[in-house]
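# What the coordinates show
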Amino acid sequence: MLMKEKAFGYLYLLSLVVLMAACGSTPSYDECGDVEYVKTFPNEYSLAEHKPALSDFEGVVSIKGVDALLMGINSNQEYYMGLYSLETGHKILDLFKQGQGPGEYAMSPTIQRFFTHNDSLYACMKYNPDKEVFLLNITSSIQEGKEIIENRSFPKDFKSVKDIIPLASGDSLMIYRDYGEGGFKRYILHAEGNRQAVNIGNVIPKIEEIDHNILSFLVLPFKNDSLVAEANITLNQIKVYSLYDQSIGKTICVGSELDDINSMSSRWRGNIPRSYGGVQLWGDKLIFLYHGLKEKDYRDNIGHSELQIFDSDMKPCSRIKLPVIASAMYVDKNGVLYAFNPLGDNEYIYKYDIKLMLQ
């Protein structure tokens, strides 16, 4: 009986220590301006279950859509990317062959933004090994049957660059990983090469003590690229700020409270949330793909995703619940949603007509 009492005493003391440590941990948040909480959306929809529309995407782990095309990002394939037809799902072209030889790539370039110029479709790409940015002429690449690269450039201070996103002004938004205070730094990179700091006013103490990946985000410029929305991959929030007016900034949380960075950093990886997984402009609407799942459930393909739709003033418009997890998504000009799921027994794309839900 005495041994049981001692054991109980040890467990009680241990629980007190854990509780005191938890209570003593100061919450930390990645806030930009005032926080706006979105409890409901004016319009709520749920899409019905149906069979996948397309499934010929072996090795594809994510997609990016543009016009009537999909760029498939590959894993463990001979080519880092493939170009597919949205209409048929068939591959049109392989892009960026893996290797160390001439015309080959040591790692995958990353897509920064699509745009059209002189009737040609382009993708702005970032390639870390050579610290360069270049343009992939998608139209010419399809015609020639190989990637056609234009306008290679080698920006200064490329180390730790997360994104270099071309803007309508001719400048670029350059985002650096900052392993000290703040998590990330933002600059406007002017055409002549000079940088101008963008201060969004978020100060995060002791950032060196947490996993900076928890603070990572997806970037979406809007309103003629004067404003930027950053949808966090782990935290349940979207930061919005101006590139040119430091008085404009806010943090949007779809829910009742922001996620605590310190709490996230101390969790087992499987219990860390998956929040936002995709961003897109559609007319004057901003579309955010949201999961709201724990990492372990996401990996096991348990649950579903949703689209959160905001207007250009970042006021909530609609929430569209999907019957599946979508690791990536694309909405074409006709309002057809292509939701990509590679987590089950195959790589599937589901199609839904959501045009009326986006109005």
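See the structure above.
A short tour of the structure in this document, coming up. (Residues numbered from 1 in each chain as written. Predicted model: local features only at pLDDT ≥ 70, side-chain atom pairs only at ≥ 80, totals over all residues. Heavy atoms only, no water.)

Take the pairing of strand S23 (residues 328-331) next. Taking every second residue as pointing to the same face, both faces of S23 are buried, with Ala328 and Tyr330 on one and Met329 and Val331 on the other. Relative to strand S24 (residues 336-341), S23 is paired through four bridges, and the arrangement is antiparallel. Looking at the pairing, Ala328 lines up with Phe340 of S24. Once S23 ends, the chain turns through four residues before running back antiparallel as S24, passing Gly335 with a positive phi of about 80°. (Buried < 20%, exposed > 50% of the residue type's maximum accessible area, 1.4 Å probe, protein only. Helix = DSSP H or I, 4+ residues; strand = E, 2+ residues; numbered from the N terminus. Pairing = 2+ DSSP bridges.)

With that settled, the discussion passes to unusual backbone geometry. In this structure, Asn76 is a non-glycine residue whose phi angle is positive, near 55°. With respect to the helices and strands, the residue Asn76 is situated in the loop between strand S4 (69-74) and strand S5 (79-85). The exposure class of Asn76 is exposed, given its relative accessible area of 76%. Within the chain, Ser160 stands out as a residue other than glycine whose phi angle is a positive 65°. When you line up the elements, Ser160 lands in the loop between strand S10 (149-153) and strand S11 (161-166).

It is worth spelling out the sheet that holds strand S2 (residues 43-46) at this point. Here we have five strands laid out as an open sheet, ordered S2-S22-S21-S20-S19, and mixed in their pairing. Strands at the two margins of the open sheet, each flanked by one partner only, are S2 and strand S19 (273-282). The average undirected angle you get between the axes of adjacent strands in this sheet is 20°. As defined by bridge partners, S19 adjoins strand S20 (residues 285-294) across eight bridges and the pair is classed as antiparallel. Pairing of Val279 across the sheet is with Phe288, part of S20. (Axes fitted to C-alpha atoms, helices over the stretch in contact; angles between N-to-C directions.)

Judged by pairing direction, the sheet is antiparallel, and its four strands sit side by side in the order S7-S8-S9-S10 without closing on themselves. Either end of the sheet is taken by a strand with one partner, and the two such strands are strand S7 (110-117) and S10. Neighbour to neighbour, the strand axes of the sheet diverge by 20° on average, direction disregarded. In this structure, S7 lies alongside strand S8 (residues 120-127), joined through seven bridges in antiparallel fashion. Residue pairing across strands places Thr116 opposite Leu121, the latter belonging to S8.

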